[in-house]
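# Results of the structural survey
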Amino acid sequence: MPSVASLQLTIDETKALKSLPATTQISAKRALQGSTADLARLVDSIPFGNASRFCCLVPIFHATLKSVQVPNYIDPKTIPAIVRAKLALFGLVKITSVVCSPTGKDDTVTKYIVRSWDALYPWMRFFARNCLPPPYDVSVTPPRPDLCSVFDAVKLCLSPLSLICTNSEEGRHMLRSSVSVQHFVAQLWILIGNLRGDVLPGDPGTTTDGLISKLRASFALTNYVCISESEDPDKITLPLSNYIHAAGGVKPVVFTLLRYIRRITRDAAAVEEPRSWTPRDESVQQLHLYTLGLQYSFQFLQTISRQDASCCAQLIRQGSIRTVVDTITQILPRILVQKNEELDFHPEMGLADRQKVLWSGYSYIASAIHDADDGVTAVCQAIDAGLIQTLEKGVVCPAHAHRHDNLVRGRLGDIELLFLLATFLVYHRVVDSIFRHWFRMHSAPMQKREIRDESLGVALELVLKYTIDAMEHRSVEPINFHEYRCSGPGCPMYASKFVSKKRRCSGCLVSIYCSEKCQRTAWRNGHKKWCQVLRCTVGPWGSRDIRTSLQVIAGFETSEISGMSKDVETRVREAQQQFPVFIDKLVLILDMTVYPPEIRVLPVHKVEQFPGEDPIWPDIANEIRARSDSPPKGYMFSVVKVHLGKSKFTLFSPSTALRMAFEGQYFSDDEACGSVDEDKDEIDGSITLGDQDFGL
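I will try to describe carefully the structure that is included in this document. What you are looking at is a predicted structure, and each value in this text was computed from that prediction instead of being measured.

## A word on unusual backbone geometry
Going from Y595 to P596, the amide bond is cis rather than trans, its omega being -5°. Position of P596 relative to the elements: it lies in the loop between strand 3 (586-591) and strand 4 (598-603). Unlike most non-glycine residues, W277 shows phi in positive territory, near 50°. Note that W277 resides in the loop between helix 13 (250-269) and helix 14 (282-307). One non-glycine residue with positive phi stands out, namely L509, at about 65°. Relative to the assigned elements, L509 resides in the loop between strand 1 (503-504) and strand 2 (512-513).

Structure (structure tokens):
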């Protein structure tokens with residue numbers, strides 16, 4: 001190990017020391033000669049105010065770190081070097097924290113920390129390994145707490161990382177591209193997430209209350225930077241799998257992240273009401289810190305959900321959407337606050353910046369629904385958590401003194417999320433979830449409230465009307481008879497009375513039968529022709545959500561096409577001019593994957609995920625015209641596009657398929673339909689909801 005007495009500075013660095021007070025110059029000279037006490041005096045001499053003149057001490061701290069190597073073992077001979085390294089790290093952190101620009105555009109951190117990372121990082125790992133408890137069991141005493149307290153070790157390990165993330169683009173790229181650093185950050189993230197209480201061992205008592213809460217909120221940025229995309233597209237970043245492996249796998253990442261969000265939310269809700277509502281108020285600053293912590297946690301949530309399918313599924317299973325909705329519900333009244341011009345238009349704490357956390361939360365919910373294999377479950381989770389009620393609170397957020405109605409509405413993502421939810425109202429499970437919350441949602445009528453956000457208010461009103469339509473479609477009788485009654489011609493048997501196991505047609509996945517006899521009879525009486533059509537009505541996967549929602553989809557199909565009759569006529573004329581060869585093979589497409597729904601007209605062979613070349617479709621179209629009171633004009637039949645998240649399906653017209661395939665069984669058999677009331681008690685409770693009064 002080199003002698004500490006051999007430390008030398010350049011001529012320019014030595015001249016710079018002459019600008020310091022005489023006592024500080026003496027301490028600097030002795031520190032270079034190996035005096036630990038004088039090195040400590042140098043650290044203490046750095047003021048917390050204007051410390052730019054003390055930047056000349058940085059070469060001393062760098063030289064000290066470079067002069068001592070990280071020991072492989074700890075004994076009385078290596079302890080002096082460890083103490084000197086600790087003091088040098090403290091000096092660098094202190095002077096960089098004071099001198100660096102608060103705007104994040106200063107190169108002080110890059111020059112003092114990032115470009116000397118090879119000297120700093122080994123010592124940061126050393127103090128984390130020997131002076132911090134294990135990440136997954138914080139109750140265990142660190143191996144060597146005598147060398148450095150937990151309080152000091154946390155400061156030495158976290159502060160350089162936080163400074164890098166907020167002030168150095170070069171440093172952020174280093175975090176994204178280094179396997180070792182990502183492993184280090186992941187372990188610290190787990191550790192901070194498992195800490196309890198508000199006081200760290202070794203805290204001298206000079207810190208304010210809620211230290212661990214503030215560490216948790218501030219470290220959210222560091223964690224997010226490690227897995228975020230680089231500002232420079234030419235720079236390579238590590239795959240997300242590296243970080244997940246470093247943190248112990250998918251489950252530890254998911255559990256820790258949701259724990260972070262819940263605890264930061266709890267800390268934000270516990271902040272006292274600000275007295276002055278100015279940027280200098282301590283409560284306002286705490287709210288700002290916790291809001292930033294939640295914003296970066298939401299962005300981390302969205303990134304891992306988008307990049308890793310297993311993380312996306314595990315997050316939804318563990319209630320991530322419910323957690324985000326609960327968080328937004330609690331912090332929204334404190335986010336959408338207008339108090340005075342100084343705070344509302346502040347560049348960092350203003351209303352526009354506070355709204356970013358709402359956008360991050362709504363954006364995650366939308367991406368989770370979009371990317372999920374089972375988007376219906378994700379939507380139901382959001383509705384059951386009270387998402388629509390939370391959006392209503394955003395519409396009618398209470399007024400405050402000195403409010404500014406001319407503030408520009410930021411990008412909140414709430415309207416986009418609301419319209420996304422509307423595209424799932426075609427599903428029975430979603431309508432059931434909304435029905436359970438309907439009366440609570442309308443405990444206070446919308447028209448009696450003060451609408452402060454006109455855009456969100458209009459969107460919410462449209463979607464709620466759409467919701468009423470969905471519940472009405474769901475309640476029309478006969479209610480999904482094909483799901484619980486035998487499809488055999490003239491057979492009144494209900495599934496609850498089947499003697500043997502229920503038989504479902506393996507071709508269409510829609511019809512069920514009580515016996516082989518009924519199944520054979522149905523096949524001879526027309527099911528042979530309509531089996532393929534019904535299969536095209538439930539999609540290639542035969543999704544249960546689609547199968548049980550055919551009635552709702554059919555209701556929307558009928559109402560939307562009739563409501564856009566003029567637009568339909570225009571689209572048909574345009575398609576006839578564009579495709580004159582296929583004028584007798586046009587299909588109307590109702591796209592319900594967007595809100596409001598859109599329509600197009602194309603030749604049948606151009607329809608996505610649809611067997612348009614099959615010769616059965618002209619025959620089906622002719623039968624529709626022959627058996628329908630009001631056959632389609634200008635097109636053979638309609639199809640409906642729906643989605644279950646990331647999967648989209650093009651379905652043959654549910655309204656046509658159900659009526660044509662089961663007309664003789666469910667829609668004309670008066671005796672069978674009349675027996676519904678007698679068997680009400682034996683039908684599934686979710687089906688009988690259609691008979692209840694919605695009070696609409």
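## Some thoughts on the pairing of strand 3
Taken across its six residues, strand 3 has six buried, putting it largely inside the fold. Where burial is concerned, the two faces of strand 3 agree: the one with L586, L588 and L590 and the one with V587, I589 and D591 are both buried. Two strands pair when backbone bridges link them, and strand 3 and strand 4 are joined in this way by six bridges, in the antiparallel orientation. Bridge pairing in strand 4 places V587 opposite L602. In this structure, the hairpin formed by strand 3 and strand 4 is closed by a connection of six residues.

## Some words on the pairing of strand 5 (residues 637-643)
Within strand 5, seven of the seven residues are buried, which leaves the element mostly enclosed by the surrounding structure. A two-sided burial pattern is seen for strand 5, the buried positions comprising F637, V639, K641 and H643 on one face and S638, V640 and V642 on the other. Strand direction decides the pairing type here: strand 3 and strand 5, joined by five bridges, are parallel. Looking across to strand 5, one finds that V587 is bridged to F637. Pairing between strand 5 and strand 6 (residues 648-652): five bridges, direction antiparallel. Bridging from a neighbouring strand, K641 pairs with T650 of strand 6. Taken together, strand 5 and the strand that follows it, strand 6, pair antiparallel across an intervening segment of four residues, in which G645 is found at a positive phi of about 125°.

## Digging into empty space enclosed by the protein
Evaluation of the coordinates by the stated rule reveals four cavities of 30 Å³ or more. The computed volume of the largest cavity comes to approximately 180 Å³. Lining the largest cavity are 15 residues, with L287, T291, R334, I335 and R354 positioned closest to its centre. Listed by contribution, the elements that provide at least two residues to the lining of the largest cavity are helix 13, helix 14 and helix 16 (320-335). In terms of residue count, the dominant contributor to the lining of the largest cavity is helix 14 (five residues). Taken together, the residues of the lining of the largest cavity sort by class into 10 nonpolar, three polar and two charged. Taken as a whole, the second largest cavity spans an internal volume of roughly 40 Å³. Every residue lining the second largest cavity is listed: I383, I388, L418, L421, L425, I434, V463 and T467. Residue assignment for the lining of the second largest cavity shows that the elements contributing at least two residues are helix 21 (414-422) and helix 23 (454-474).

Calculation rules
Residues numbered from 1 in each chain as written. Predicted model: local features only at pLDDT ≥ 70, side-chain atom pairs only at ≥ 80, totals over all residues. Heavy atoms only, no water. Helix = DSSP H or I, 4+ residues; strand = E, 2+ residues; numbered from the N terminus. Buried < 20%, exposed > 50% of the residue type's maximum accessible area, 1.4 Å probe, protein only. Pairing = 2+ DSSP bridges. 1 Å grid on protein atoms, 1.4 Å probe; cavity = no way out; pocket = protein on both sides within 12 Å on 5 of 7 lines; lining within 4 Å. Points joined across faces, edges and corners; volume = space filled by probe spheres on them. Nonpolar A, V, L, I, M, F, W, Y, C, P; charged D, E, K, R; others polar.

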